[in-house]
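Structural description and commentary
Chain by chain, the residues:
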Amino acid sequence: MKKIITILAAGLAIWSESVNAQVVPEIHYQFSIPTGTFRNFVEKPGPLGVGFQVRKTLTNNRISLGGGLSWFYFPDKKGKQTLELPGDDGTYTGFVTNYTNIYGLQFLAQYEFKDPNENLVPFVKTGLGLAYQNQRQDIGLFAFKYDGFQFMPHLETGMRFRLPRQGAINLSMTYHYLPGAGDVGATSFAGLRIGYSGFRIR
């Protein structure tokens, strides 16, 4: 999986250098809160969510299209429990720790409600792509793994604060929903995101 992510990141970088229009790179950090049935696996907030995006501004400079890579990590120490696992995995008693890693690749579209050159610009963004999720459940000395590929749509709304010289700080709220697939159930989480986006790369 790491090789795939590296190849995709290199592809985004090459694409960003080849386009003629303005290219907007962005990096961000996200603090995430599990929602829905995903809370049955992890209840505690995800302290780590990072991503990298590259978008190309269209003729209408309020619209930009591109792609992005992301990684989310959710750990949850649940203490001593007795669990009956699905199928023929049996019943186990022990200290339980659940955690999951989610690696995403998305196509992105962003619309800005004001001229991008203004100091404060509200925006909305949507993404659609594919994620690989690797869940693990540790029960005492035993470990169980559940993984699979899932569709990965998300919605985002926020505000961009332009910096004096170049670039901007982005503050936004996000919502991700990944339908169940393979061994992994439906996954949903809301997030608070802060990022830095560059301007006028070309």
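Please refer to the structure placed before this passage.
Residues numbered from 1 in each chain as written. Predicted model: local features only at pLDDT ≥ 70, side-chain atom pairs only at ≥ 80, totals over all residues. Heavy atoms only, no water.

Details of the overall build of the chain
Quick reminder of the rule: A run of H or I in DSSP counts as a helix once it spans at least four residues, and a run of E counts as a strand once it spans at least two, with each numbered from the N terminus. Burial status follows relative accessibility: with a 1.4 Å probe on protein chains alone, a residue under 20% of its type maximum counts as buried, one over 50% as exposed, and anything between as partly exposed. Using the Shrake-Rupley algorithm and a 1.4 Å probe, accessible areas are obtained, with residue cover drawn only from the displayed protein chains.
Looking only at helices and strands, the chain has 1 helix and 9 strands in total. Moving toward the C terminus, one meets the helices and strands of the chain in the order α-β-β-β-β-β-β-β-β-β. Counting all 202 residues of the chain, 41% fall into the buried class. Counting every atom, the chain has about 10800 Å² of accessible surface; 63% of that belongs to carbon and sulfur.

Structural notes on the pattern of salt bridges
For the record, the criterion: Whenever a carboxyl oxygen of Asp or Glu lies within 4 Å of a side-chain nitrogen of Lys or Arg, that contact is scored as a salt bridge.
Scanning the entire structure with this criterion turns up 10 salt bridges. Of the charged contacts, one joins glutamate 26 and lysine 125 as a salt bridge, the two residues approaching to 3.4 Å between their closest N and O atoms. Placement of glutamate 26 in strand E1 (residues 23–35) and of lysine 125 in strand E5 (residues 120–139) is noted, with a sequence separation of 99 residues between them. What makes glutamate 26 buried here is its relative accessible area of 4%. With a closest N to O distance of 2.9 Å, aspartate 138 and arginine 136 form a salt bridge. You can call arginine 136 partly exposed: its relative accessible area is 36%. It is possible to trace a salt-bridge network through shared partners that takes in Glu26, Arg55, Lys125, Glu156 and Arg193.

Digging into the environment of phenylalanine 38
We apply this condition: Contact criterion: two residues are considered in contact whenever any of their non-hydrogen atoms come within 4.5 Å of each other.
Along the polypeptide, phenylalanine 38 turns up in the loop between E1 and strand E2 (48–57). As a C-alpha pair, phenylalanine 38 and valine 184 span 146 residues in sequence and 9.9 Å in three-dimensional space. With residues near it in sequence (within four places) discarded, phenylalanine 38 still touches Phe74, Thr100, Gln133, Gln135, Ala186, Thr187, Ser188 and Phe189.

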